[in-house]
Every structure is written in C-alpha cells, then in structure tokens.
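Observations on chain architecture
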Amino acid sequence: MPGIFCFWLDFNQQNHSFGLYVFSFSINHMNILHILNGDSTFQSFEHSGLEGDTMVWREALSEGPLEENISSGSFWRNRQEWICKSGKETPDGYQEKMIDQLTKLSEPYEEINLWFEFDLHCQVNMLGVMNYLKQQTDLSTRGLYLICPADFPGKEDFRGMGGLTGEELAYLYDNIRVQLSDFDCVLAAEAWSIYILHDAGKLKEYLDINTFWGSLHLLKPALEAQLKRLRLNEKGLNYVEQKLLDIYNYGITARRSIYQRFWETEKIFGMGDMEVDIYLQHLEDKGLISL
C-alpha cells in the first residue's frame, strides 16, 4: 500500500556513532468509482490515466418495462426478461454484465463519477443510476459527480464519449465535471417518476412547470425527445416510427442503411441497433414496411 517514509538520524554519545531509523505509515486513498455509459467509453477510459474503479452501465432504460423502485428485485427480473426476449442477450449474460455489477454501488466509495451523454438513452440511464443510488445509500456521505458532454472542442460531429481517446476523456474530467447537489438528486427522482408513466400529458405539464434543471442541464431536451415519442400522429405513429417510415419510403430499405440515415439527424434519441429494431418491428407488424 502506498505510504510515507520518515527518516530519523540519531547520534549515540557513548560510541560516537550515528543511527538511521526509518518509520513508515500508510495513506488510505479516496475510494473512487466511475460509472461509464458503455463499453466503447470503457475501452478508452482504460488509457485515461484517471484513478478509480470502473463499472459499465449496460442497460437501455429508455425502452422496455420500468417501475419506480429501481432497486427492487422485480425491477431487475422484468428488465432481464425483456432484454433477453430481444435476442440480444442471454439470462446468464445479463446477470453477469448488469445485475452482478450492481453490487459495486453498495460498496463504500467516497466519490462516484457518472459518465453519461446528452441523448435520451443516456439521460434515462443517468436517472436510473441516480435513483438506484438514492434508494440504496446515504448520498450525504459520498461525493456524486457528473461528466455529461454535449460536444467536444474541435469535433463538429460529436457522437459521444465512445469516440474519444483516453486523453480526451481526462480533459472532460478536468473541465466539465460538476458535483451533484441534493437538489439534483430530488430532480432526478421527480423526472424518473414522470418518465416511467409514459404519459404525454403529464410529461408536457412537467416540462412546462419546471424552469430550473440544476446541474442536469441536458435532461430537458432529452425529455422533450421522449415527448415526441409519446405523441401519435393521425396515422397512429410516433415521431420515431414516422421518421423510419419516411426513410424506408424514400427508398432506403437495407436495415444497416436505415440505421445510418436515422442516426444522421436523430442523435438526441441515442438509439442503438436494438432500439431502432423495436420501432422497425412495429412498422412491420402494421404492414407498413417489409425488411
């Protein structure tokens, strides 16, 4: 364990000699946890030089079943069942990659850093983490920090932290990290309770009433994107479904090409392949596309 060494030089008058004594004592470094938004960020983070343990939040809470008590067993059983039905994960894989990792959040870390981005996918995951921590531990004994970039100097088409180098992640840590307050945690709990309702009217009312977002400065535009998903047009389609249908009707019918075109203009949703496939399947079920 790292420590400090003290040297004491003593003169013995009887034999006129010096004696050198060495004492050491250890220093307990602050326990730090970094919760990262994905494996791509993790790969770069390993080269950042930043101290602390890491945990990758491998979830997509912007989709699928949710409930207010994110720390309950039923919450995670339902999430596991839903994720595994998508065919993107096995029960054992989800247990290892997500549920087993939750034990880190109960460990006595003095500082926790949340690395999440501006899009809806990341912002809802951020709310989930904050509420899990609030429900499980006494946050007054911990320093809770957020690193949440909407852009990066010199990168006109910033696509997220997964595309940054370790040095660039360290730059974010040094320059945009903010400490979250009690107000931020209360706000996260309120936003989570509204989000899980999937009610456009109540979400619109919440967005209209709430005028101060504390350090969660990118939460409002993400929730506005959610509102667009909740509202249906005259065809019974939400914004994402209509956008994908427009891309398909334009003549882009290969699945990978549809992804790319959607991502070009709809970064705010932060959807990966699995999430886009959910909406493509809705359109197929309605007989509007055939992939």
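Refer to the structure presented above.
Below is a summary of the structure that appears in this document. (Residues numbered from 1 in each chain as written. Predicted model: local features only at pLDDT ≥ 70, side-chain atom pairs only at ≥ 80, totals over all residues. Heavy atoms only, no water.)

Of the voids in this model, the largest pocket is the one considered here, and its volume is about 1100 Å³. Lining the largest pocket are 32 residues, with Asn-37, His-121, Gly-270, Gly-272 and Glu-275 positioned closest to its centre. Broken down by secondary-structure element, the contributors of at least two residues to the lining of the largest pocket are α1 (39-45), α3 (91-99), α4 (120-136) and α11 (273-285). What the second largest pocket holds in volume is close to 230 Å³. In terms of lining, the second largest pocket is formed by 14 residues, of which the most central are Glu-63, Arg-229, Asn-238, Tyr-279 and His-282. (1 Å grid on protein atoms, 1.4 Å probe; cavity = no way out; pocket = protein on both sides within 12 Å on 5 of 7 lines; lining within 4 Å. Points joined across faces, edges and corners; volume = space filled by probe spheres on them. Helix = DSSP H or I, 4+ residues; strand = E, 2+ residues; numbered from the N terminus.)

So, about the pairing of strand β6 (residues 143-147). The buried fraction of β6 is high, at five of five residues. Because side chains alternate across β6, one face comprises the buried residues Gly-143, Tyr-145 and Ile-147, and the other comprises Leu-144 and Leu-146, equally buried. The pairing of strand β5 (residues 111-115) with β6 spans five bridges and is parallel. The residue bridging Ile-112 from the neighbouring strand is Leu-144, located in β6. (Buried < 20%, exposed > 50% of the residue type's maximum accessible area, 1.4 Å probe, protein only. Pairing = 2+ DSSP bridges.)

Our focus in this paragraph is helix α5 (residues 166-175). When we look at burial in α5, the residues that qualify are Gly-166, Glu-168, Leu-169, Ala-170, Leu-172 and Tyr-173. In this fold, the buried residues of α5 make contact with β3 (32-36), α1, β5 and β6. (Contact = heavy atoms within 4.5 Å.)

In the structure shown here, the tally under the stated rule is 15 salt bridges. The residue Asp-277 makes a salt bridge to Arg-255 at a minimum N-O spacing of 2.8 Å. Pair noted here: Asp-277 is in helix α11 and Arg-255 is in helix α10 (residues 255-265), with a separation of 22 residues, a long-range link. The exposure class of Asp-277 is buried, given its relative accessible area of 18%. Classification of Arg-255 as partly exposed rests on a relative accessible area of 32%. Put simply, Glu-264 and Arg-261 hold a salt bridge, and the shortest N to O gap is 3.5 Å. Of this pair, Glu-264 and Arg-261 are both found in helix α10, three residues apart, which corresponds to roughly one turn of the helix. (Salt bridge = Lys/Arg side-chain N within 4 Å of Asp/Glu carboxyl O.)

Time to look at the packing of helix α7 (residues 200-209) against helix α8 (residues 219-230). Running from amino to carboxyl end, α7 crosses α8 at an angle of 155°, the nearest separation of the two axes being 10 Å. The pairing of α7 with α8 is recorded here as roughly antiparallel in orientation. Where α7 crosses over α8, the two elements pack in a sense that is left-handed. Together, Ala-200, Leu-203, Lys-204, Tyr-206 and Leu-207 of α7 and Lys-220, Leu-223, Glu-224, Gln-226, Leu-227 and Leu-230 of α8 make up the contact between the two elements. Taken together, the residues of the contact of α7 with α8 break down into seven nonpolar, one polar and three charged. (Axes fitted to C-alpha atoms, helices over the stretch in contact; angles between N-to-C directions. Parallel < 35°, antiparallel > 145°, perpendicular 65-115°, else oblique. Left-handed = near helix turned anticlockwise from the far one by under 90°. Nonpolar A, V, L, I, M, F, W, Y, C, P; charged D, E, K, R; others polar.)

Across its 13 residues, α11 extends 18 Å between first and last C-alpha, which sits within 8% of the 18 Å expected from 1.5 Å per residue. Three or more residues of α11 are buried, namely Met-274, Glu-275, Val-276, Asp-277, Tyr-279, Leu-280 and Leu-283. Against the buried residues of α11 lie α2 (73-85), α4, α8, α9 (239-249) and α10. (Expected span 1.5 Å × (residues − 1).)

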